[in-house]
Amino acid sequence: MKELNDAIMKWGKTIGSDVVKVDMFLNHRIDTGLLFRMGEEIASHFTEKYPEIVLTVEASGIALAMTCAHALGDIPVVFAKKSATVVQSGEMLQSRVFSFTHKTENFIRVDRRYLPAGKRVLIVDDFLADGQAARGLMDLCSQSGCTVSGIGIGIEKGFQPGGARLREEGIDLYSLAVVDSIGGDGRICLREQ
Ligand code: 5GP
(Lines give C-alpha, C1' and ligand atoms only; values in the text may rest on other atoms or scores of the structure.)
Protein backbone atom coordinates (compact mmCIF):
# COMPACT_ATOMS: atom_id res chain seq x y z
CA MET A 1 0.00 0.00 0.00
CA LYS A 2 1.77 3.08 -1.26
CA GLU A 3 0.54 5.48 1.41
CA LEU A 4 1.73 3.12 4.16
CA ASN A 5 5.08 2.55 2.43
CA ASP A 6 5.54 6.33 2.20
CA ALA A 7 4.75 6.74 5.92
CA ILE A 8 7.23 3.98 6.83
CA MET A 9 9.96 5.66 4.78
CA LYS A 10 9.15 9.09 6.21
CA TRP A 11 8.68 8.24 9.90
CA GLY A 12 10.01 4.73 10.44
CA LYS A 13 13.04 4.20 12.65
CA THR A 14 14.85 1.00 13.43
CA ILE A 15 16.17 -0.55 16.62
CA GLY A 16 19.03 -2.95 16.02
CA SER A 17 18.72 -5.22 13.03
CA ASP A 18 15.15 -6.44 13.47
CA VAL A 19 12.77 -3.92 15.07
CA VAL A 20 10.85 -1.31 13.10
CA LYS A 21 9.52 1.62 15.11
CA VAL A 22 6.54 3.38 13.58
CA ASP A 23 4.95 4.81 16.69
CA MET A 24 4.66 8.22 15.00
CA PHE A 25 1.62 6.94 13.07
CA LEU A 26 0.69 3.35 13.87
CA ASN A 27 0.93 2.27 17.48
CA HIS A 28 1.51 5.17 19.85
CA ARG A 29 0.52 8.33 18.01
CA ILE A 30 -2.13 7.24 15.51
CA ASP A 31 -2.69 8.79 12.07
CA THR A 32 -6.43 8.20 12.00
CA GLY A 33 -6.96 8.83 8.28
CA LEU A 34 -4.17 6.43 7.35
CA LEU A 35 -5.48 3.81 9.78
CA PHE A 36 -8.96 4.01 8.25
CA ARG A 37 -7.53 3.58 4.76
CA MET A 38 -5.42 0.64 5.94
CA GLY A 39 -8.50 -0.94 7.48
CA GLU A 40 -10.44 -0.48 4.22
CA GLU A 41 -7.65 -2.07 2.23
CA ILE A 42 -7.53 -5.16 4.44
CA ALA A 43 -11.32 -5.35 4.48
CA SER A 44 -11.52 -5.23 0.67
CA HIS A 45 -9.12 -8.20 0.42
CA PHE A 46 -11.25 -10.33 2.76
CA THR A 47 -14.74 -9.06 2.00
CA GLU A 48 -15.75 -12.14 -0.02
CA LYS A 49 -14.91 -14.38 2.92
CA TYR A 50 -17.65 -12.63 4.92
CA PRO A 51 -15.83 -12.44 8.26
CA GLU A 52 -18.16 -12.01 11.21
CA ILE A 53 -15.60 -11.01 13.89
CA VAL A 54 -12.20 -9.30 13.76
CA LEU A 55 -9.82 -10.74 16.35
CA THR A 56 -6.65 -9.01 17.49
CA VAL A 57 -4.43 -8.73 20.56
CA GLU A 58 -4.07 -5.73 22.85
CA ALA A 59 -2.90 -3.08 22.61
CA SER A 60 -1.29 -2.17 19.33
CA GLY A 61 -3.54 -4.30 17.11
CA ILE A 62 -6.75 -2.66 18.25
CA ALA A 63 -6.71 0.52 16.13
CA LEU A 64 -6.22 -1.33 12.83
CA ALA A 65 -8.70 -4.03 13.84
CA MET A 66 -11.31 -1.33 14.56
CA THR A 67 -10.96 0.41 11.21
CA CYS A 68 -11.00 -2.91 9.36
CA ALA A 69 -14.10 -4.12 11.23
CA HIS A 70 -15.80 -0.80 10.49
CA ALA A 71 -15.07 -1.23 6.77
CA LEU A 72 -16.46 -4.78 6.90
CA GLY A 73 -19.84 -3.38 7.94
CA ASP A 74 -19.31 -2.59 11.61
CA ILE A 75 -18.70 -6.15 12.69
CA PRO A 76 -17.37 -6.57 16.26
CA VAL A 77 -13.72 -6.49 17.25
CA VAL A 78 -12.58 -8.90 19.95
CA PHE A 79 -9.15 -8.32 21.40
CA ALA A 80 -7.23 -10.89 23.37
CA LYS A 81 -6.03 -9.62 26.73
CA LYS A 82 -2.51 -10.05 27.97
CA SER A 83 -3.19 -9.98 31.70
CA ALA A 84 -5.75 -11.60 33.96
CA THR A 85 -7.99 -9.16 35.88
CA VAL A 86 -10.70 -9.45 38.49
CA VAL A 87 -13.34 -8.30 36.00
CA GLN A 88 -12.82 -11.38 33.83
CA SER A 89 -15.74 -13.55 34.82
CA GLY A 90 -16.71 -15.88 31.97
CA GLU A 91 -14.80 -18.94 30.79
CA MET A 92 -11.50 -17.64 29.45
CA LEU A 93 -9.76 -19.39 26.57
CA GLN A 94 -6.03 -18.95 26.69
CA SER A 95 -2.98 -19.52 24.56
CA ARG A 96 0.72 -19.14 25.33
CA VAL A 97 2.55 -16.59 23.16
CA PHE A 98 6.17 -15.48 23.13
CA SER A 99 6.25 -11.69 22.74
CA PHE A 100 8.77 -10.52 20.15
CA THR A 101 8.98 -6.98 21.50
CA HIS A 102 8.92 -7.78 25.22
CA LYS A 103 10.96 -11.01 24.95
CA THR A 104 8.68 -12.66 27.48
CA GLU A 105 6.18 -15.48 27.34
CA ASN A 106 2.60 -14.47 28.13
CA PHE A 107 -0.85 -15.91 27.96
CA ILE A 108 -3.38 -14.20 25.75
CA ARG A 109 -6.97 -14.65 26.83
CA VAL A 110 -10.43 -14.27 25.36
CA ASP A 111 -13.80 -14.83 26.98
CA ARG A 112 -15.34 -17.82 25.18
CA ARG A 113 -18.68 -15.98 24.85
CA TYR A 114 -17.10 -13.47 22.47
CA LEU A 115 -15.90 -16.14 20.04
CA PRO A 116 -19.02 -18.25 19.51
CA ALA A 117 -18.43 -21.61 17.79
CA GLY A 118 -18.92 -21.56 14.02
CA LYS A 119 -18.13 -17.86 13.47
CA ARG A 120 -15.82 -16.77 10.65
CA VAL A 121 -12.96 -14.79 12.20
CA LEU A 122 -10.50 -12.44 10.53
CA ILE A 123 -7.27 -12.00 12.51
CA VAL A 124 -5.69 -8.53 12.28
CA ASP A 125 -2.48 -7.19 13.82
CA ASP A 126 -0.17 -4.23 13.35
CA PHE A 127 3.01 -6.31 12.80
CA LEU A 128 3.93 -9.84 11.82
CA ALA A 129 7.40 -11.07 12.76
CA ASP A 130 7.78 -14.71 13.81
CA GLY A 131 4.04 -15.28 13.71
CA GLN A 132 3.66 -16.11 17.40
CA ALA A 133 0.84 -13.65 18.07
CA ALA A 134 -1.04 -14.76 14.93
CA ARG A 135 -0.65 -18.42 15.93
CA GLY A 136 -1.88 -17.71 19.45
CA LEU A 137 -4.96 -16.03 17.99
CA MET A 138 -5.49 -18.96 15.59
CA ASP A 139 -5.24 -21.30 18.57
CA LEU A 140 -7.97 -19.34 20.40
CA CYS A 141 -10.17 -19.68 17.27
CA SER A 142 -9.58 -23.39 17.12
CA GLN A 143 -10.36 -23.82 20.85
CA SER A 144 -13.62 -21.94 20.40
CA GLY A 145 -14.67 -23.78 17.23
CA CYS A 146 -14.40 -20.69 15.00
CA THR A 147 -12.93 -20.74 11.49
CA VAL A 148 -10.13 -18.39 10.49
CA SER A 149 -11.01 -16.46 7.30
CA GLY A 150 -7.46 -15.15 7.02
CA ILE A 151 -4.92 -12.82 8.56
CA GLY A 152 -4.57 -9.11 7.75
CA ILE A 153 -1.37 -7.35 8.80
CA GLY A 154 -0.19 -3.75 8.68
CA ILE A 155 3.56 -4.39 8.40
CA GLU A 156 5.11 -7.80 7.80
CA LYS A 157 8.81 -8.22 8.40
CA GLY A 158 9.69 -10.45 5.49
CA PHE A 159 13.13 -11.25 6.90
CA GLN A 160 11.50 -13.11 9.78
CA PRO A 161 9.89 -16.48 9.12
CA GLY A 162 6.31 -15.97 10.35
CA GLY A 163 4.73 -14.89 7.07
CA ALA A 164 6.37 -17.51 4.85
CA ARG A 165 5.38 -20.32 7.22
CA LEU A 166 1.76 -19.23 7.44
CA ARG A 167 1.49 -18.96 3.63
CA GLU A 168 3.08 -22.40 3.22
CA GLU A 169 0.27 -23.72 5.39
CA GLY A 170 -2.25 -22.24 2.94
CA ILE A 171 -3.43 -19.42 5.19
CA ASP A 172 -4.69 -16.34 3.37
CA LEU A 173 -2.24 -13.80 4.76
CA TYR A 174 -2.48 -10.26 3.42
CA SER A 175 0.11 -7.67 4.47
CA LEU A 176 -0.16 -4.03 3.47
CA ALA A 177 3.61 -3.48 3.57
CA VAL A 178 6.55 -5.85 3.76
CA VAL A 179 9.94 -4.84 5.17
CA ASP A 180 12.46 -7.01 3.36
CA SER A 181 15.49 -6.00 5.39
CA ILE A 182 17.06 -3.47 7.71
CA GLY A 183 20.43 -2.36 6.38
CA GLY A 184 23.58 -2.06 8.45
CA ASP A 185 23.01 1.71 8.50
CA GLY A 186 19.48 1.18 9.84
CA ARG A 187 17.87 1.87 6.47
CA ILE A 188 14.49 0.19 5.94
CA CYS A 189 14.15 -1.69 2.63
CA LEU A 190 10.57 -2.25 1.55
CA ARG A 191 9.36 -4.92 -0.87
CA GLU A 192 8.04 -3.61 -4.20
CA GLN A 193 4.33 -4.35 -4.41
P1 5GP B 1 5.27 -12.08 16.16
O2 5GP B 1 4.33 -12.64 17.20
O3 5GP B 1 4.75 -12.24 14.76
O4 5GP B 1 6.66 -12.55 16.35
O5 5GP B 1 5.33 -10.52 16.45
C6 5GP B 1 4.18 -9.75 16.23
C7 5GP B 1 3.82 -8.94 17.45
O8 5GP B 1 4.98 -8.35 18.04
C9 5GP B 1 2.91 -7.81 17.05
O10 5GP B 1 1.74 -7.93 17.85
C11 5GP B 1 3.65 -6.53 17.33
O12 5GP B 1 2.96 -5.76 18.29
C13 5GP B 1 5.00 -6.95 17.87
N14 5GP B 1 6.11 -6.65 16.92
C15 5GP B 1 6.87 -7.56 16.27
N16 5GP B 1 7.85 -6.97 15.57
C17 5GP B 1 7.68 -5.64 15.76
C18 5GP B 1 8.41 -4.49 15.29
O19 5GP B 1 9.40 -4.56 14.55
N20 5GP B 1 7.94 -3.28 15.69
C21 5GP B 1 6.85 -3.15 16.51
N22 5GP B 1 6.46 -1.91 16.83
N23 5GP B 1 6.16 -4.22 16.98
C24 5GP B 1 6.58 -5.45 16.62
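Data block above holds the structure.
Given the structure is predicted, the values throughout are model-derived calculations rather than measurements.

Our next topic: the packing of aromatic side chains. If you walk through the whole model with that rule in mind, you get zero aromatic pairs. In this structure, Lys103 packs its charged tip against the face of Phe100, placed 3.9 Å from the ring centre.

Three or more residues of helix α1 (residues 2-11) are buried, namely Leu4, Asn5, Ala7 and Ile8. Down the axis of α1, the smallest arc covering the buried residues is 160°, so these residues share one side. Projecting away from the buried face of α1 at angles above 90 degrees are the exposed residues Lys2 and Lys10.

Right, let's talk about the packing of α1 against helix α2 (residues 32-46) for a bit. Running from amino to carboxyl end, α1 crosses α2 at an angle of 140°, the nearest separation of the two axes being 10 Å. If you check the angle between α1 and α2, you find them oblique. When you trace α1 past α2, the crossing you get is left-handed. Side by side, α1 and α2 meet where Glu3, Leu4 and Ala7 of the first sit next to Leu34, Arg37 and Met38 of the second. Looking at the contact of α1 with α2, its residues break down into four nonpolar, no polar and two charged.

Next up on the list: the side chain of Asn5. Within the secondary structure layout, Asn5 lies in helix α1. Excluding its chain neighbours within four sequence positions, the residues that come into contact with Asn5 are Leu176, Ala177, Leu190, Arg191 and Gln193.

Rules used throughout
- Residues numbered from 1 in each chain as written.
- Predicted model: local features only at pLDDT ≥ 70, side-chain atom pairs only at ≥ 80, totals over all residues.
- Heavy atoms only, no water.
- Phe/Tyr/Trp six-rings, centres within 6.5 Å; stacked < 30°, edge-to-face > 60°.
- Lys NZ or Arg CZ within 6 Å of the ring centre and 35° of its normal.
- Buried < 20%, exposed > 50% of the residue type's maximum accessible area, 1.4 Å probe, protein only.
- Helix = DSSP H or I, 4+ residues; strand = E, 2+ residues; numbered from the N terminus.
- Arc of directions from axis to C-beta.
- Axes fitted to C-alpha atoms, helices over the stretch in contact; angles between N-to-C directions.
- Parallel < 35°, antiparallel > 145°, perpendicular 65-115°, else oblique.
- Left-handed = near helix turned anticlockwise from the far one by under 90°.
- Contact = heavy atoms within 4.5 Å.
- Nonpolar A, V, L, I, M, F, W, Y, C, P; charged D, E, K, R; others polar.

This is a description of form; function is not addressed.
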